[in-house]
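Residues per chain, in single letters:
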Amino acid sequence: MSNITMTRDTAPARKAMIDSQLRTSGVNEEYVLARMMAVPREDFLPETKAGQAYIDRGIALEGGAHLAAPLFYGKALSEAAPRAADRALVIEGGTGYLAALLRPLVASVETVSAADAAAGSLPDGPFSLVLLDGAIEQLPETLAASLEDGGRIVSGLLLRQVTRLASGRKVAGQVALLPIEDLGIPVLHTFDRPKSWTFS
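Being a predicted model, the structure only gives us computed values, none of them experimental.

Parameters at a glance
Residues numbered from 1 in each chain as written. Predicted model: local features only at pLDDT ≥ 70, side-chain atom pairs only at ≥ 80, totals over all residues. Heavy atoms only, no water. Helix = DSSP H or I, 4+ residues; strand = E, 2+ residues; numbered from the N terminus. Rg over C-alpha atoms; globule rule 2.2 N^0.38 Å. Buried < 20%, exposed > 50% of the residue type's maximum accessible area, 1.4 Å probe, protein only. Contact = heavy atoms within 4.5 Å. Areas by Shrake-Rupley, 256 points an atom, 1.4 Å probe, with all protein chains shown as cover. Lys, Arg positive; Asp, Glu negative; His and termini not counted. Charge placed at Lys NZ, Arg CZ, Asp CG, Glu CD. Polar contact = N/O pair within 3.5 Å; in protein donor to acceptor, adjacent residues only side chain to side chain. Axes fitted to C-alpha atoms, helices over the stretch in contact; angles between N-to-C directions. Parallel < 35°, antiparallel > 145°, perpendicular 65-115°, else oblique. Nonpolar A, V, L, I, M, F, W, Y, C, P; charged D, E, K, R; others polar. Core = buried A, V, L, I, M, F, W, Y, C linked by side-chain atoms within 4.5 Å. Salt bridge = Lys/Arg side-chain N within 4 Å of Asp/Glu carboxyl O.

Student: For this particular structure, what's the right way to read the overall build of the protein?
Tutor: Tallying secondary structure elements over the protein gives 6 helices and 9 strands in all. The C-alpha atoms of the protein give 17 Å as radius of gyration, which agrees with the globular expectation for 200 residues (16 Å, within 12%). Here the C-alpha coordinates of the protein stretch approximately 70 × 45 × 35 Å along the principal axes. Looking at the protein as a whole, 47% of its 200 residues are labelled buried. In the protein, the share of contacts with a sequence separation of at least 24, taken over all contacts with a separation of at least 6, comes to 50%. Surface exposure of the protein reaches about 10400 Å², of which carbon and sulfur atoms provide 53%. The protein carries 19 positive and 23 negative side-chain charges, and their two centres are separated by 4 Å.

Student: So what exactly am I meant to see when it comes to the side chain of Glu137 here?
Tutor: Its location among the elements puts Glu137 in the loop between strand 5 (127-136) and helix 6 (141-145). At a separation of 2.7 Å, a polar atom in the side chain of Glu137 contacts the main-chain amide nitrogen of Arg193. Here Glu137 is in contact with Leu157, Leu158, Phe191, Asp192, Arg193 and Lys195, once residues within four sequence places are set aside.

Student: I'm lost on the packing of helix 1 (residues 11-22) against helix 3 (residues 70-80) in this one. Help?
Tutor: Packed helices, taken two at a time, are described by their axes: the angle between them and the distance between them. Look at helix 1 against helix 3: their axes get within 10 Å of each other, and the N-to-C directions meet at 75°. Accordingly, the angle class assigned to the pair helix 1 and helix 3 is roughly perpendicular. Here Met17, Gln21 and Leu22 of helix 1 lie close against helix 3, whose contacting residues are Pro70, Leu71 and Gly74. Partitioned by chemical class, the residues of the contact of helix 1 with helix 3 number 4 nonpolar, 2 polar and no charged.

Student: So what exactly am I meant to see when it comes to the nonpolar core here?
Tutor: Met36, Phe72, Tyr73 and Leu102 are the most contacted members of the largest nonpolar core, which has 40 residues in total. Broken down by secondary-structure element, the contributors of at least two residues to this core are helix 1, helix 2 (30-38), helix 3, strand 3 (87-92), helix 4 (97-102) and strand 5. Core analysis: the second largest hydrophobic core is formed by 19 residues, Ile91, Ala114, Phe127 and Leu143 among them.

Student: Sorry, what's going on with the environment of Thr111 here?
Tutor: Mapping Thr111 onto the fold places it in strand 4 (residues 108-113). The exposure class assigned to Thr111 is partly exposed, which follows from its relative accessible area of 38%. Taking the C-alpha atoms as reference points, Thr111 and Gly96, 15 residues apart in sequence, are found 8.4 Å from one another.

Student: Can you walk me through the pattern of salt bridges in this structure?
Tutor: Opposite charge on two side chains lets them pair, provided their charged atoms get close. Scanning the model with the defined rule gives 7 salt bridges in all. Linking Arg57 and Asp56 is a salt bridge whose minimum nitrogen-to-oxygen distance equals 3.6 Å. Classification of Arg57 as exposed rests on a relative accessible area of 52%. The class for Asp56 is exposed, based on a relative accessible area of 56%. In this structure, Asp86 and Arg152 form a salt bridge, with 2.9 Å as the shortest nitrogen-oxygen distance.

Take a look at the structure:
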């Protein structure tokens, strides 16, 4: 009996994901489609959830981690428009998938957990591109400060309980995230605004 374990070829599933989830939603940039075809999503999931790798919604994992829906990554990469000279920072959702997609498209990629980023513990910048693997309520000043002037940021944004893809650029030392479109995106709760009491 052979000791070789046969692994399922998931290339057809990735092709179906591209055709039915990305192209039909306006994601047609060849560099985006090539990266999402090249990187098997199941490699970033526990074996018990590998069968869900190509569904059209996010997958919740232990410890608050997640693998977002394919469409979020396709739209985020498209909006980011990575350049070969970019020094990029990825705020992780807990799997490493977004950094794997981005790495061959830029000069370098640094990663940091959402908890560390929210606490202001960041790799040495500045960065020309920052991507967040999830939606946030607020952008900490420390994260904005890590962007070089003219640098770009792409993230999910939680506004009135609705998640949206958003992007921004650092101009004159200021960064504003502008919503682009409503999109289902897992929330990075470490970036939640502090709850405040109101009295009537």
